[in-house]
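One-letter residues, chain by chain:
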Amino acid sequence: MFWLQYAAPQRLYALAGRVYPLAFALAAVLTAVGLYLGFWVAPADFQQGQAYRIIFIHVPASWMSMVIYVAMAFWAWLGLGFKTRVSGMMTQALAPTGALFCFLSLWTGALWGKPMWGAWWVWDARLTSELILLFLYLGYIALTRAIDDPRRADRAGAVVALVGVVNVPIIYFSVKWWNTLHQGASVSLTKSPSMAAVMLWAMLVMTLAFWAYAVGMAFYRVRQTILEREHDAAWVGELKEMAA
Amino acid sequence: MNWSSWAEFWDMGGYAFYVWGSYGVVALGVALELWLAAGRRAEVLLTLRRSRDEALAGDAP
């Protein structure tokens, strides 16, 4: 299969170098469109007034915190199962961005919760499981950085990523399984969304923007991991960024 | 059109602290991550060039 060639670090380095500027550019354009829709086109909410505009970043950040963890689990599984060298590098490249989105999800949620619920934080199932996700991210980062041997670090990290991924469906379904203060899904695959079309569009465009940013960031970051691990390889010495 | 003036826009119907507190920290977080990642790239390339130059200097007669 054609994409298997990117399992070679040298190929991935070149591919990542081409993809990340495009992804960042796309993220910038989508952010501009999403913010325009969210602040100028979408009207105030009839119950929540202007405060609801936080959801245009809160929901995308929350979704991405889950999507990135699932992507890490996928790479971890690939790495453990097929011993591909780049899998661990991709898992590591995704983790900081996932942790950032997870933190931002909790932060923006607190700033929405205070005026709407009257509390920055409650120990309900949705919030608690998202907090556990943040600890999983931080645990993964701390563990992989504490182990010097890259292959052992990758394997230990992969176990954390795979075990931790059970938390993702718990977050997603928490609002159904438990009686949470956090509201149910506004957008679901099984029924039509319970929000106005323009609000939904603003949210979806911002989600795509965050997605493009995460892709750009992961590809930008993986190049440094490749350089560090392949520093003795001849192709690294021939890179034009190694001149001077 | 949602806003009749910039002042009204910044006020966010009285929720300015919560709305801008959210968007501001998201912008700050993204800026910080980009800055840290760019710093790491510069650092990695510098380290690699130095070790290569040292190896070359060691080979010289």
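Treat the numbers as computed from the prediction; the structure is a model and nothing was measured. (Residues numbered from 1 in each chain as written. Chains lettered and ligands numbered in written order. Predicted model: local features only at pLDDT ≥ 70, side-chain atom pairs only at ≥ 80, totals over all residues.)

Draft legend 1. Structural context of the overall build of chain A. Scanning chain A from terminus to terminus reveals eight helices and zero strands. Traced from its N-terminal end to its C-terminal end, chain A shows the element sequence α-α-α-α-α-α-α-α. Relative to the globule expectation of 18 Å for 244 residues, the C-alpha radius of gyration of chain A, 20 Å, shows essentially globular dimensions. Split into buried and exposed, the 244 residues of chain A put 41% on the buried side. Sequence separation of at least 24 residues holds for 77% of the intrachain contacts in chain A that already meet a minimum separation of 6. (Helix = DSSP H or I, 4+ residues; strand = E, 2+ residues; numbered from the N terminus. Rg over C-alpha atoms; globule rule 2.2 N^0.38 Å. Buried ≥ 20, exposed ≤ 12 C-beta atoms within 10 Å, placed from the backbone. Contact = placed C-beta atoms within 7 Å.)

Draft legend 2. Spatial organisation of the overall build of chain B. Scanning chain B from terminus to terminus reveals two helices and zero strands. For 61 residues, the compact-globule estimate of 2.2 N^0.38 gives 10 Å, and the C-alpha radius of gyration of chain B, at 24 Å, exceeds that figure by more than 25%. By principal-axis analysis of the C-alpha atoms, chain B measures approximately 75 × 20 × 15 Å. Looking at chain B as a whole, 11% of its 61 residues are labelled buried.

Draft legend 3. Main features of the interface of chain B and chain A. With 21 residues of chain B at the interface, the matching set in chain A holds 30 residues. Looking at the side of chain B that touches chain A, its residues break down into 11 nonpolar, five polar and five charged. (Nonpolar A, V, L, I, M, F, W, Y, C, P; charged D, E, K, R; others polar.)

Draft legend 4. Layout of the packing of helix 3 (residues 85-117) of chain A against helix 7 (residues 197-229) of chain A. Residue and element names in this part refer to chain A. The geometry of helix 3 relative to helix 7 is characterised by a closest axis approach of 8 Å and an angle of 135° between their N-to-C directions. Classed by the angle they form, the pair helix 3 and helix 7 counts as oblique. Viewed along their axes, helix 3 and helix 7 form a crossing whose handedness is right-handed. For the pair helix 3 and helix 7, the contacting residues are M89, M90, Q92, A93, L94, T97 and F101 in the first and F210, A214, M217, A218, R221, V222, T225 and I226 in the second. Across the contact of helix 3 with helix 7, the residue classes tally to 11 nonpolar, three polar and one charged. (Axes fitted to C-alpha atoms, helices over the stretch in contact; angles between N-to-C directions. Parallel < 35°, antiparallel > 145°, perpendicular 65-115°, else oblique. Left-handed = near helix turned anticlockwise from the far one by under 90°.)

Draft legend 5. Representation of the confidence of the model for chain B. Counting all residues, the mean pLDDT for chain B is 92, and 95% of those residues have values of 70 or more. Here the predicted complex carries an ipTM of 0.91, next to a pTM of 0.92. (pLDDT = per-residue confidence, 0-100.)

Draft legend 6. Inspection of helix 3 of chain A at higher detail. Residue and element names in this part refer to chain A. Here helix 3 contains 33 residues, and its C-alpha end-to-end distance of 47 Å stays within 8% of the 48 Å for a straight helix at 1.5 Å per residue. Along its length, helix 3 reaches its greatest deviation from straightness, about 30°, at A95, and the proline P96 lies no more than four positions downstream. One or two residues past the end of helix 3 sits G118, with phi positive at roughly 85°. (Expected span 1.5 Å × (residues − 1). Bend = angle between axes of the 7 residues up to and from the residue.)

Draft legend 7. Examining the nonpolar core more closely. With 72 residues, the main nonpolar core has I54(A), M72(A), A218(A) and V222(A) as its most contacted residues. When contributions to this core are tallied by element, the ones reaching two or more residues are helix 1 (9-41), helix 2 (55-82), helix 3, helix 4 (125-146), helix 5 (150-164) and helix 7 of chain A together with helix 2 (16-59) of chain B. Of the residues forming this core, the biggest block, 18 residues, is contributed by helix 7 of chain A. Setting aside residues up to four positions removed in sequence, I54(A) forms contacts with T108(A), L111(A), W112(A), Y18(B), V19(B) and S22(B). (Core = buried A, V, L, I, M, F, W, Y, C linked by C-beta atoms within 7 Å.)

Draft legend 8. The arrangement of the environment of W178(A) in detail. Residue and element names in this part refer to chain A. Relative to the helices and strands, W178 is located in the loop between helix 6 (167-177) and helix 7. Residue W178 is classed as partly exposed on the basis of its C-beta count, with 15 C-beta atoms lying within 10 Å. When the C-alpha positions of W178 and G79 are compared, they lie 35 Å apart, and in sequence the two are 99 residues distant.

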